[in-house]
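Fold and geometry: a report
Each chain, letter by letter, is given below.
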Amino acid sequence: MLTESAAQALSILRDGSQFQWYVIPLFALVLFVYSVEIERRNWNIVFAGLAFWGMDWINEIWNSLVLHFTGFAPVWGAPGKTAYLILAGLNFEIMFMFAIAGIVFTKTLPDKAVKILGMPNRIVLAVGWAAFCVIVEIWLNSVNALTWDYGWWSASSPIPIFLFGYLHFFVVAFLVHDMKTVRAKAITVGVIFSVAILGLAVFIPLGWI
């Protein structure tokens, strides 16, 4: 049986009547952020940002599949006010945030040779930023912006959120950032988005997400 929050999310899922005009300036902001980095030919940043964003799409797809196959709830949901709910746990506002977040986080990377606390900075920053994101998620849940219906994904059980909600985003984004060639970066990002697009193209028509 569906939880109340899951039923609420499904009631507004891809409902165009929810549209709000603030979506347009948010979209323009994303375009501006990427255009600045492209103008500067910061391909490390551009592709790392896209990799981060693509990983979130994959996460949101499997999260929606959990809702379909359990008939209970997604692992996380976003049933509250939104301009458009794309998937059970993904709305326009979250989507645009993740589109920019990868660029923001990647811009904090120092030279690869720099150590933090005697450890490779990529590892320290991936762990640190993922932990920061978990703290933000816990706060969002506390104000009912995000809903959690499984005890193993909660403020009292943050490790799964850390590992499967965020850490791999940073690991993949930082790996893409450090790849030797633009071609390798483009291929990796292409594969990530191909998986996401294929998932959307298959599961939405089936009514699974």
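My aim in this report is to walk through the structure given alongside it, one point at a time.

The rules behind each value
- Residues numbered from 1 in each chain as written.
- Predicted model: local features only at pLDDT ≥ 70, side-chain atom pairs only at ≥ 80, totals over all residues.
- Heavy atoms only, no water.
- Helix = DSSP H or I, 4+ residues; strand = E, 2+ residues; numbered from the N terminus.
- Rg over C-alpha atoms; globule rule 2.2 N^0.38 Å.
- Buried < 20%, exposed > 50% of the residue type's maximum accessible area, 1.4 Å probe, protein only.
- Contact = heavy atoms within 4.5 Å.
- Polar contact = N/O pair within 3.5 Å; in protein donor to acceptor, adjacent residues only side chain to side chain.
- Core = buried A, V, L, I, M, F, W, Y, C linked by side-chain atoms within 4.5 Å.
- Expected span 1.5 Å × (residues − 1).
- Bend = angle between axes of the 7 residues up to and from the residue.

**A few points about the overall build of the chain**
Of the regular secondary structure elements, the chain holds seven helices and four strands. For the chain, whose C-alpha radius of gyration is 17 Å, the value lies close to the compact-globule estimate of 17 Å for 209 residues. Overall size of the chain, expressed as C-alpha extent along the three principal axes, is 50 × 35 × 30 Å. Out of the 209 residues belonging to the chain, those deemed buried represent 45%.

**A closer look at the environment of L67**
When you line up the elements, L67 lands in helix α3 (residues 43–70). Given the relative accessible area of 8%, L67 is considered buried. Counting along the chain gives 65 residues from L67 to L2, while the straight-line C-alpha distance between them is 8.6 Å. Apart from the residues within four sequence positions on either side, L67 is in contact with L2, A6, L10, F72, A73, P74 and A88.

**Looking at unusual backbone geometry**
Of note, R14 is a non-glycine position whose phi angle comes to about 50°, a positive value. Mapped onto the elements of the fold, R14 is located in the loop between α1 (4–12) and α2 (23–39). Backbone geometry places L117, a non-glycine residue, at a positive phi of 55°. Residue position: L117 is located in the loop between β3 (115–116) and β4 (119–120). The exposure class of L117 is exposed, given its relative accessible area of 75%.

**Digging into the side chain of N91**
Along the polypeptide, N91 turns up in strand β2 (residues 90–91). Looking at N91, its side chain comes within polar contact range of the main-chain nitrogen of I94, at 2.7 Å. If we ignore the near neighbours within four places in the chain, the residues touching N91 are A78, T82, Y84, L85 and I86.

**Details of the nonpolar core**
Counting residues in each nonpolar core, the largest one holds 59 residues, and the members touching the most others are F52, W57, I61, L87, M95, Y166 and F170. Every element with two or more residues in this core is listed here: α1, α2, α3, β1 (85–87), α4 (92–106), α5 (121–142), α6 (159–178) and α7 (182–206). At 11 residues, α3 tops the list of elements feeding residues into this core. Look past the residues within four positions of L87 in its chain and what remains in contact with it is L13, R14, W57, E60, I61, S64, L200 and I209. Residues A6, L67, A73 and A88 belong to the second largest nonpolar core, which totals five residues.

**Re the environment of A28**
Tracing the backbone shows A28 in helix α2. A28 sits 68 residues away from F96 along the chain, and the two C-alpha atoms are 10.0 Å apart.

**Quick look at α6**
Here α6 spans 27 Å end to end across 20 residues, near enough to the 28 Å set by a 1.5 Å rise per residue. At L167, α6 is bent by approximately 45°, the largest bend along its length.

Treat this as a map of the structure, not an account of what it does.
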